[in-house]
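Remarks on the overall topology
Letter by letter, the chains look like this.
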Amino acid sequence: MKHISILGSTGSIGTQALEIVRGHRNELIVEAISGNNNIELLLQQISEFSPKLVCVYKEENAKRLSELVSADPCIKDKPEIVSGMEGLIKVAVYPGSDIVLTAIVGMIGIRPTVEAIHAGKDIALANKETLVCAGHIIMSEAARCAVNIYPVDSEHSAIFQSLQGNPRRSLDKIILTASGGPFRGRKREELEKVTLADALKHPNWSMGQKVTIDSSTLANKGLEVIEARWLFNVRPEKIQVVIQPQSIIHSAVQYDDGAIIAQLGTPDMKLPIQYAFFYPERPFLAGDRVDFFKLGSITFEKPDTETFKALALAYEAIETGGSMPCVFNAANERAVADFVAGKISYLGIADFIEKTIRSHKMVKDPGLDEIIRIGEDIMAG
Ligand code: NAD
Ligand code: MG
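What you see is a predicted model; the values in this text were computed from it and never measured.

Before going further, it helps to examine the layout of surface pockets. Rolled over the atoms, a probe with the dimensions of a water molecule shows which regions are left empty. The computed volume of the second largest pocket comes to approximately 420 Å³. It is helix H11 (residues 270-278) that provides the largest number of residues to the lining of the second largest pocket, a total of four residues. Here the residues of the lining of the second largest pocket are counted per class, giving ten nonpolar, eight polar and five charged.

For an α-helix, 3.6 residues make a turn, and residues three or four places apart therefore share a direction. With 13 residues, helix H16 (residues 368-380) extends 18 Å between its outermost C-alpha atoms, agreeing within 8% with the 18 Å of an ideal straight helix rising 1.5 Å per residue. Looking at H16, one finds that the buried residues are Leu368, Ile371, Ile372, Ile374, Gly375 and Ile378. The buried residues of H16 all sit within an arc of 160° when viewed along its axis, so they share a single face. Facing away from the buried side of H16 by more than 90 degrees, the exposed set consists of Asp369, Glu376 and Ala380. Next to the buried residues of H16 lie helix H5 (110-118), helix H6 (128-144), helix H14 (324-340) and helix H15 (347-359). Of the residues one or two after H16, Gly381 is the one with positive phi, at around 45°.

Another point: the site of ligand 1. By nearness alone, 22 residues border ligand 1, and Thr10, Ser12, Ile13, Glu129 and Gly208 come closest of all. Here an oxygen atom of ligand 1 and a backbone polar atom of Asn36 are 3.2 Å apart. In the environment of ligand 1, an oxygen atom lies 2.9 Å from a nitrogen or oxygen atom belonging to the backbone of Gly208. Computed on the free molecule, ligand 1 has an accessible area of 830 Å², of which 87% lies beneath the protein chains in the complex. If you list the elements that add at least two residues to the shell around ligand 1, you get helix H1 (12-23) and H6. Grouping the constituent residues of the shell around ligand 1 by class yields ten nonpolar, nine polar and three charged.

For the rest of this paragraph, the subject is empty space enclosed by the protein. Within the structure shown, the criterion is met by one cavity of 30 Å³ or more. Estimated volume of the largest cavity: approximately 70 Å³. When the residues that make up the lining of the largest cavity are grouped by side-chain class, the tally is six nonpolar, two polar and two charged.

Moving on, we come to the sheet that holds strand E8 (residues 171-178). In space, the four strands of this open sheet follow the order E9-E8-E10-E11, with mixed pairing throughout. Each having just a single partner strand, strand E9 (239-243) and strand E11 (260-264) make up the two edges of the open sheet. On average, each strand axis in the sheet is inclined to that of its neighbour by 20°, with strand direction left out of account. Pairing of E8 with strand E10 (residues 249-255) involves four bridges; the strand directions are antiparallel.

Cut-off values and rules
- Residues numbered from 1 in each chain as written.
- Chains lettered and ligands numbered in written order.
- Predicted model: local features only at pLDDT ≥ 70, side-chain atom pairs only at ≥ 80, totals over all residues.
- Heavy atoms only, no water.
- 1 Å grid on protein atoms, 1.4 Å probe; cavity = no way out; pocket = protein on both sides within 12 Å on 5 of 7 lines; lining within 4 Å.
- Points joined across faces, edges and corners; volume = space filled by probe spheres on them.
- Helix = DSSP H or I, 4+ residues; strand = E, 2+ residues; numbered from the N terminus.
- Nonpolar A, V, L, I, M, F, W, Y, C, P; charged D, E, K, R; others polar.
- Expected span 1.5 Å × (residues − 1).
- Buried < 20%, exposed > 50% of the residue type's maximum accessible area, 1.4 Å probe, protein only.
- Arc of directions from axis to C-beta.
- Contact = heavy atoms within 4.5 Å.
- Near = heavy atom within 4 Å.
- Polar contact = N/O pair within 3.5 Å; in protein donor to acceptor, adjacent residues only side chain to side chain.
- Areas by Shrake-Rupley, 256 points an atom, 1.4 Å probe, with all protein chains shown as cover.
- Pairing = 2+ DSSP bridges.
- Axes fitted to C-alpha atoms, helices over the stretch in contact; angles between N-to-C directions.

All we've got here are geometric facts, nothing functional implied.
Spelled out as structure tokens, the structure:
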């Protein structure tokens, strides 16, 4: 039996995790959840999964949810309802939980993730922004506190799966695959008029808004290079990004003898989420299977880092190290929010990242407070 806390239960990853729980009621128990704006969905999740603790980040929404829960005769065991950063941390360290799924979006996840590690919880990590900003702290604290970090990002789960049963000392490189997003093959001048609706049309995956926009700019792949650097302790030059537009090969590793081991499957986040919950078991998961005859071919391309310069900037940030990956992430978070709000153009996202990392003076080995301050300064701009 596993007891779970979910940070971000109302999002794309959070709701798919709850679908997994639905299929494994005797093995998975949801102890604590968190959301932000979608009160109706939180109310539904409370009725269905009976968590004992619920955090609604915005205080006014937490009050509204409390009223709805009190007035609902069908909710017999009323959960404790909390709010703010303090509330997120309570969900992360909930004493009854063994594992915390970090399915919140953005670097707001840094503190709750570190607190969860300190409380001895295993982490099912979807929230890549947190690892990008504070990878040096998270990985060393996880080792110190003897907690496991199970990757949920599909590429990193594929890498993790491909590492099973092989000696780590023989790992030569990581092959990180990317779909290329909706604008694959286009040049910079063809992207000047891209709208929010265009950027949200991912060819293969249905995901939350931010990660979908990040996938279109390849900033997501840049974040994933940095995420892989920390999760698997490999040098950035040992991480090769390969465009694989059908999203069937979810990533691969190559060993010293030349063998490439990969994980393939249909694009479905439920597999990596379930693998993180049940590792090393592989229970049945309903869904489409890859049929090679129907698929016909799998193709490969080099990423165009001149058009999609966010990917090149991410390599630059991780090579520089220190506070620079956090600056890359914060600049991207800020730029995506500004693009969504109609304040900057689509190409303005990567331009803003470039301008911000060029003007930042790298801080070596920054502590947690410093990382958070640097991130918040860029967000506040
Ligand atoms: P989403 O936008 O669908 O959901 C985000 C969740 O976080 C929601 O529950 C929301 O309420 C909560 N949240 C957002 N801002 C918050 C705030 N300021 N305070 C408190 N809670 C807040 O996002 P998602 O697509 O599920 O992605 C979650 C994380 O997983 C991201 O880091 C993303 O990069 C990563 N990821 C997602 C996918 C995917 O398929 N969706 C795949 C790989 C990795
Ligand atoms: Mg991914």
